[in-house]
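Chain by chain, the residues run as shown.
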Amino acid sequence: MTTAANSYLSLSARRRLAAQITLAVGGFGIGTGEFAIMGLLPDIGNDLTLSAPQVGHLISAYALGVVLGAPLIAVLAAQLPRRLLLILLMAAFAAGNFASALAPSYGSVMLFRFLSGLPHGAYFGVAALVAASMVEPARRGQAVGRVMLGLTVAVLIGNPVATWLGQVSSWRMAFVFVGLIGLLTMALLRFTLPHVPASRLNSPMRELGALKLEQVWLTLGIGAIGFGGLFSVVSYIAPTLIEVSGVSAAWIPFALSFLGAGMVVGNIAGGWLADRNLMRSIGILLFWNMLMLALFPFAAGNPVTALISVFLIGTGVSIGVPLQIRLMDVAPHAQTLAASLNHSAFNMANALGAWLGGIAIAGGYGWTSTGWVGMGLALGGLLIFGVAVQRAPRAAVQG
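Residues numbered from 1 in each chain as written. Predicted model: local features only at pLDDT ≥ 70, side-chain atom pairs only at ≥ 80, totals over all residues. Heavy atoms only, no water.

1. Overview of the overall build of the protein chain
Move 1: When helices and strands are counted, the protein chain shows 18 helices and 0 strands.
Move 2: Relative to a compact globule of 399 residues, whose C-alpha radius of gyration would be 21 Å, the protein chain shows 20 Å and is just as compact.
Move 3: Seen through its principal axes, the protein chain has C-alpha atoms that stretch 55 × 50 × 35 Å.
Move 4: Per-residue burial for the protein chain yields a buried fraction of 54% across its 399 residues.
Move 5: Of all intrachain contacts in the protein chain linking residues separated by at least 6 positions in sequence, the fraction that spans at least 24 positions is 85%.
Move 6: Put simply, the protein chain shows about 16,300 Å² of open surface, and 71% of that area lies on carbon and sulfur atoms.
Move 7: Side chains of the protein chain give 19 positive and 9 negative charges; the mean places of these two sets differ by 14 Å. (Helix = DSSP H or I, 4+ residues; strand = E, 2+ residues; numbered from the N terminus. Rg over C-alpha atoms; globule rule 2.2 N^0.38 Å. Buried < 20%, exposed > 50% of the residue type's maximum accessible area, 1.4 Å probe, protein only. Contact = heavy atoms within 4.5 Å. Areas by Shrake-Rupley, 256 points an atom, 1.4 Å probe, with all protein chains shown as cover. Lys, Arg positive; Asp, Glu negative; His and termini not counted. Charge placed at Lys NZ, Arg CZ, Asp CG, Glu CD.)

The structure is reproduced here in structure tokens:
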């Protein structure tokens, strides 16, 4: 067991729980900052006189920041103590959101959204490593799941609150709100996490060694492809519910709460399953995602069954925790980079799923065709998982 793990395990149970809640608060802030802008696009467009595609590019700018920031920060900050690194990441996140609130033009908002995304993946990767170090190996899934719970609760609560704040005041106030959560997290990290010196063995080159490992790339492929199915449906869920299910536009926020509730349940279930059998849980959850996405076109025609389907599709985030732990296992000497790359893969899944779903809709296949696209992506992830199992050592598959 590492020195860091010993230091965290020596904490009282109450202190460890407080630390995990703190890490989740940071995740809540990041998730709120990432998703709230989707509900504020019309307000930003009206204020800055932008077209819909231009405002949509702000989402892409944030995602690009996540994809690029995760590996760069993980490598360059390899020798920093994890508490200090987490505080610095939150400071950068808060600064990016405060700057977004003050941005005078489209170009500056675009830049600050990109900069706000840079700490995202590294924060979750390092937070997952810290949480896993606080418990015995058999309970890592639940510990990491508690951290990721902040991200899913952001969909359920943080996003609606920030959107409401932006509508009643200004979209700029929503970013101020997110920045304040970042400052709160910095203070909580300082008092709940102990200072643990970084290992002398840590180095940028050691972290880069993760990129030489086949199982790392296969696991990232599972996330980038298999998780894209959820986003192919979710990206167009509002117009689909209005045009196909007959849900009133005024009820869309309520409908989206079903998605958030499903994500919370899925996150908890994913951590529980990962602790039972890691590799088996990945396969089961990929198959579950494929089945739920395939059912969506049949359920979308009725408001009640559509909402149930949205909830079940939301549970698809359950795959996140097992994949996070799998990356930590297959790159034991470069865990920071491997764990951070998980969120780069998820943002690639976001972009891929939304793009392919849009192609299907534009091609005249209907709003519900996103379900078939999603099923295909989940199947692709399942096939990559099969390759990973076939090429992994037997002991790793059984674990």
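2. Regarding the packing of helix 5 (residues 106-133) against helix 16 (residues 335-362)
Move 1: Between helix 5 and helix 16, the shortest axis-to-axis distance is 7 Å and the interhelical angle comes to 130°. Taken as axis vectors, helix 5 and helix 16 run oblique relative to one another. For the crossing formed where helix 5 meets helix 16, the hand is right-handed. Across the interface between the two elements, His120, Gly121, Ala122, Phe124, Gly125, Val126 and Leu129 from helix 5 touch Gln335, Thr336, Ala339, Ser340, His343 and Asn347 from helix 16.
Move 2: For the contact of helix 5 with helix 16, the class distribution of residues is 5 nonpolar, 8 polar and no charged. (Axes fitted to C-alpha atoms, helices over the stretch in contact; angles between N-to-C directions. Parallel < 35°, antiparallel > 145°, perpendicular 65-115°, else oblique. Left-handed = near helix turned anticlockwise from the far one by under 90°. Nonpolar A, V, L, I, M, F, W, Y, C, P; charged D, E, K, R; others polar.)

3. So, helix 14 (residues 303-314)
Move 1: For helix 14, built from 12 residues, the straight-helix expectation of 16 Å at 1.5 Å per residue is met to within 8% by its first-to-last C-alpha distance of 16 Å.
Move 2: Ala306, Leu307, Ser309, Val310, Ile313 and Gly314 are the residues of helix 14 that are buried. The buried residues of helix 14 all sit within an arc of 160° when viewed along its axis, so they share a single face.
Move 3: Looking at the buried side of helix 14, the elements it contacts are helix 10 (228-234), helix 11 (237-245), helix 12 (252-276) and helix 13 (278-299). (Expected span 1.5 Å × (residues − 1). Arc of directions from axis to C-beta.)

4. So, the side chain of Ser232
Move 1: With respect to the element layout, Ser232 can be found in helix 10.
Move 2: When its relative accessible area of 0% is taken as the criterion, Ser232 is described as buried.

5. As for the nonpolar core
Move 1: The biggest cluster of nonpolar side chains holds 72 residues, and the ones touching the most others in it are Leu23, Leu86, Tyr123, Leu193, Phe227 and Leu241.
Move 2: Take this core: its biggest share by element is 10 residues, from helix 5.
Move 3: Beyond its immediate sequence surroundings of up to four residues, Leu23 is in contact with Leu86, Tyr123, Ala127, Val130, Ala131, Val147, Leu189 and Leu193.
Move 4: Membership of the second largest hydrophobic core comes to 15 residues, among which are Leu40, Val55, Ala101 and Phe175. (Core = buried A, V, L, I, M, F, W, Y, C linked by side-chain atoms within 4.5 Å.)

6. A word on the packing of helix 11 against helix 14
Move 1: Following both chains from N to C, one finds helix 11 and helix 14 inclined at 160°, their axes separated by 10 Å at the closest point. Taken together, the axes of helix 11 and helix 14 lie roughly antiparallel to each other. Once helix 11 is placed against helix 14, the crossing between them reads as right-handed. Here helix 11 contributes Ile237, Leu241 and Ser245 to the contact with helix 14, which in turn contributes Pro303, Ala306 and Val310.
Move 2: Split by residue class, the contact of helix 11 with helix 14 holds 5 nonpolar, 1 polar and no charged.

7. Describing the pattern of salt bridges
Move 1: The final tally for this structure, using the stated rule, is 4 salt bridges.
Move 2: Note that Asp47 and Arg172 form a salt bridge whose closest N and O atoms lie 3.6 Å from each other. Note that Asp47 is positioned in helix 2 (residues 13-48) and Arg172 in helix 7 (residues 171-192), a separation of 125 residues in sequence.
Move 3: What makes Asp47 partly exposed here is its relative accessible area of 41%.
Move 4: A salt bridge links Asp329 to Arg140, with the shortest nitrogen-to-oxygen separation between them at 2.8 Å. Of this pair, Asp329 sits in helix 15 (residues 320-330) while Arg140 sits in helix 6 (residues 140-168), and the two are 189 residues apart along the sequence.
Move 5: Since its relative accessible area comes to 34%, Asp329 is described here as partly exposed. (Salt bridge = Lys/Arg side-chain N within 4 Å of Asp/Glu carboxyl O.)

8. Structural notes on the packing of aromatic side chains
Move 1: Inspection of the entire model under this criterion finds 5 aromatic pairs.
Move 2: Their ring planes at 90° and their centres at 5.6 Å tell us that Phe298 and Trp372 sit as a pair that is edge-to-face. Here Phe298 is found in helix 13, whereas its partner Trp372 is found in helix 17 (residues 369-391), with 74 residues between them in sequence.
Move 3: The structure contains a cluster of three or more aromatic residues connected by ring pairs, namely Phe227, Phe231 and Phe346. (Phe/Tyr/Trp six-rings, centres within 6.5 Å; stacked < 30°, edge-to-face > 60°.)

9. Re helix 13
Owing to its 3.6 residues per turn, the α-helix aligns residues three or four sequence positions apart on the same side.
Move 1: In this model, helix 13 (22 residues) spans 31 Å end to end at C-alpha, consistent with the 32 Å of a helix rising 1.5 Å per residue.
Move 2: At the N-terminal boundary of helix 13, the capping side chain belongs to Asn277, with an oxygen 3.0 Å from the backbone nitrogen of Arg280. (Polar contact = N/O pair within 3.5 Å; in protein donor to acceptor, adjacent residues only side chain to side chain.)

10. Quick word on the environment of Thr336
Move 1: Structurally, Thr336 is set in helix 16.
Move 2: Residue classification places Thr336 among the buried positions, given a relative accessible area of 9%.
Move 3: When the C-alpha atoms of Thr336 and Leu230 are compared, they prove to be 26 Å apart, with 106 residues separating the residues in sequence.
Move 4: The residues contacting Thr336, other than those within four sequence positions of it, are Ala74, Arg82, Val126, Leu129 and Glu207.

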